[in-house]
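# Observations on the model geometry
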Amino acid sequence: MEKILDRFLRYVAVDTQSNEESPSQPSEAKELDLLRMLRDELVALGVEATLDEYGYVMATIPSNIGKKVPAVGFIAHVDTAPDASGKDVKPQIIEKYDGGCIDLKGVPGLQLNPEEFPEMLHYVGQTLITTDGTTLLGADDKAGVAEIMNAVQYIVEHPEFKHGEIKVGFTPDEEIGRGVVKFDVKRFGADYAYTMDGGEIGELEFENFNAASAKIHVQGRNVHPGSAKNKMKNAILIGQEFQSLLPVAQRPEYTEGYEGFCHLISFKGTVEEADFAYIIRDHDRAKFEQKKAFIHQCAAFINAKYGEGTLTAEVKDQYYNMREQVEPHYHIVEKAVKAMEMAGIKPKIQPIRGGTDGANLSFKGLPCPNIFAGGLNFHGKMEFVPLQSIEKASEVILNLITLFAE
């Protein structure tokens, strides 16, 4: 078998950064480079696999047992976040990590410091894979891709391994919230599935944020500053006033656990017009609806003060909390717990302060909890992943397949 480390390094070498400004799917054609590679690798292993027009790779491994058991799927996304470049990734391999600072050699003076990231100390003695400081790493979610492919190769090369029907799915554009918009659950054919898209080892999640986006446009009025009195409307300042109406305590830097937030993620503007973009998150559906309503209330206040049409607010739902869809099938969570325990891992069931493809898939009728992929500090140059966590995640996949076969 190809070593899982070599497989992972091959995958992160492919630039697959998605683009939220693009209307196409996949949002960037370069995502197809890895998706084609994965389809071809599956076919080379003797697995029936397809790649459709929307960038979904779907594959099936037929059952080799004589009884009917649920078909179980494993899903990961190939795209990397728009937050940092995924081009020309140069991983660093730190064997037998000693607990000290790790120099990210592509940027002089930049370090992964355990005083800033104390979770590094959980992995002393292990092999860490880091960035060189110039890009993100891409363990989100190419670690998940490697874990699934490693399990597939094991199954193919060990015909004595007993299993029911197995489904494999790879998706584009998860990082921009469009990962499974056109995913055909019926064609995929799984009864239950798991996304391999969580963080550090042991994470198991079947709750996530309800999520929405808000786009705020401010139409100002530019007048020469020498004669602006009682005439000028500065769109930048009006936008800042709108921002000041939102509760400070509900910014992400002040929240944790089940606490929701309203997060300003971008701003661009002039005196004449300005645009602000927000993401809105809450695990509680009622509080989620309140946050969205408050955005509109603030917009109404601004328009009452500066004139109707000064500020427009476009709020769109993105995904919902999967708990209500997964909980009626709680045995799939219990199987994941047992699969981790079989691998010597202590499960950590916790809510996701984010979302996964599994949330939308659950609402499409495919209950889909999220399992750790092993990485930490996703979406930036401080990202790293312990090799042993990747190996254990692949072992958990095989354990789950065994449990479903029983």
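Above this text sits the structure in question.
The sections below set out a description of the structure shown in this document. These numbers were taken from a predicted model, which means no experiment stands behind them. (Residues numbered from 1 in each chain as written. Predicted model: local features only at pLDDT ≥ 70, side-chain atom pairs only at ≥ 80, totals over all residues. Heavy atoms only, no water.)

### Topic: unusual backbone geometry
Following Q25, the chain continues into P26 via a peptide bond in cis, with omega recorded as -5°. Cis rather than trans, the peptide bond between D140 and D141 has omega equal to 10°. Secondary-structure assignment places D141 in helix 3 (residues 139-157). For N377, which is not glycine, the phi dihedral falls at a positive 60°. (Helix = DSSP H or I, 4+ residues; strand = E, 2+ residues; numbered from the N terminus.)

### Some details on the sheet that holds strand 12 (residues 261-269)
In spatial order, the strands read 12-13-11-14; together these 4 strands make up an open sheet with antiparallel pairing. Edge positions in the sheet fall to strand 12 and strand 14 (311-319), since each has one partner strand and no second. Along the sheet, successive strands turn relative to each other by an average axial angle of 15°, direction set aside. Two strands pair when backbone bridges link them, and strand 11 (residues 210-219) and strand 13 (residues 273-282) are joined in this way by 10 bridges, in the antiparallel orientation. (Pairing = 2+ DSSP bridges. Axes fitted to C-alpha atoms, helices over the stretch in contact; angles between N-to-C directions.)

### Some remarks on the nonpolar core
Ranked by internal contacts, the top residues of the largest apolar core, which has 69 residues, are F8, F74, F170 and I371. It is helix 10 (residues 387-405) that provides the largest number of residues to this core, a total of 10 residues. (Core = buried A, V, L, I, M, F, W, Y, C linked by side-chain atoms within 4.5 Å. Buried < 20%, exposed > 50% of the residue type's maximum accessible area, 1.4 Å probe, protein only.)

### Regarding helix 8 (residues 331-342)
In this model, helix 8 (12 residues) spans 16 Å end to end at C-alpha, consistent with the 16 Å of a helix rising 1.5 Å per residue. Among all positions of helix 8, only I332, V333, A336, V337, A339 and M340 are buried. Burial along helix 8 is one-sided: seen end-on, the buried residues are contained in an arc of 165°. Its buried side turned inward, helix 8 meets strand 9 (192-198), strand 10 (203-205), helix 7 (323-326), strand 15 (348-349), strand 16 (370-372) and helix 10. (Expected span 1.5 Å × (residues − 1). Arc of directions from axis to C-beta. Contact = heavy atoms within 4.5 Å.)

### Thoughts on the state of the cysteines
This model, assessed by the stated rule, comprises 0 disulfides. Among the cysteines around C298, which has no disulfide bond, C262 carries the closest sulfur, lying 8.7 Å off. (Disulfide = S-S within 2.5 Å.)

### Section: the packing of aromatic side chains
This model, assessed by the stated rule, comprises 11 aromatic pairs. Considering the side-chain rings of F74 and Y194, the 6.0 Å spacing of their centres and the 20° angle between planes classify their relative orientation as stacked. Of this pair, F74 sits in strand 3 (residues 72-77) while Y194 sits in strand 9, and the two are 120 residues apart along the sequence. The exposure class assigned to F74 is buried, which follows from its relative accessible area of 1%. According to the relative accessible area criterion, Y194 is buried, its value standing at 0%. What links up through ring pairs into an aromatic cluster is the set F74, Y192, Y194 and F404. The aromatic ring of F404 is capped on one face by K335, whose charged end is 5.1 Å from the ring centroid. (Phe/Tyr/Trp six-rings, centres within 6.5 Å; stacked < 30°, edge-to-face > 60°. Lys NZ or Arg CZ within 6 Å of the ring centre and 35° of its normal.)

### As for the pairing of strand 9
In terms of residue burial, strand 9 counts as a mostly covered element, since 7 of its 7 residues are buried. When strand 3 meets strand 9, the two strands line up parallel, connected through 4 bridges. Bridge pairing in strand 9 links V72 to Y192. Taken together, the 3 bridges between strand 9 and strand 16 define a ladder with parallel strand orientation. Among the inter-strand pairings, T195 is bridged to a residue of strand 16, identified as N370.

### Re helix 6 (residues 285-306)
The end-to-end C-alpha distance of helix 6, which contains 22 residues, comes to 32 Å, matching closely the 32 Å that a straight helix rising 1.5 Å per residue would cover. Within helix 6, burial applies to F288, K291, K292, I295, C298, A299, I302 and N303. Taken end-on, helix 6 shows its buried residues confined to a sector of 135°, consistent with a single buried face. Exposed and oriented more than 90 degrees from the buried face of helix 6 are Q290, A304 and K305. Structurally, helix 6 contributes buried residues whose contacts are with strand 11, helix 5 (235-245), strand 12, strand 13 and strand 14. Of the residues that open helix 6, the one with a side-chain oxygen 2.9 Å from the backbone nitrogen of A286 is D284. Looking at the residues trailing helix 6, positive phi occurs at G307, about 115°. (Polar contact = N/O pair within 3.5 Å; in protein donor to acceptor, adjacent residues only side chain to side chain.)

### Side note on the environment of I93
Tracing the backbone shows I93 in strand 4 (residues 92-94). If we skip the residues at most four places from it in the chain, I93 touches L5, L9, T127, L128 and I129.

### Notes on the pattern of salt bridges
Within the structure shown, the criterion is met by 18 salt bridges. A salt bridge links K30 to D15; the shortest N-O distance between them is 2.9 Å. Of this pair, K30 sits in the loop between helix 1 (4-12) and helix 2 (31-44) while D15 sits in the loop between helix 1 and helix 2, placing them 15 residues apart in sequence. Judged by relative accessible area, which is 17%, D15 ranks as buried. Between K316 and E314 there is a salt bridge whose closest N-O contact spans 3.3 Å. On the accessibility criterion, E314 (40% relative accessible area) is partly exposed. (Salt bridge = Lys/Arg side-chain N within 4 Å of Asp/Glu carboxyl O.)

### Quick word on the sheet that holds strand 1 (residues 48-51)
If you trace the 8 strands from one edge of the open sheet to the other, you get 1-2-8-3-9-16-10-15, paired in mixed fashion. Of all strands in the sheet, those with a lone pairing partner are strand 1 and strand 15, marking the two edges. Inspection of the sheet shows strand 10 paired to strand 15 by 2 bridges, in the parallel sense. When the sheet's bridge partners are listed, E203 is paired in strand 15 with K348.

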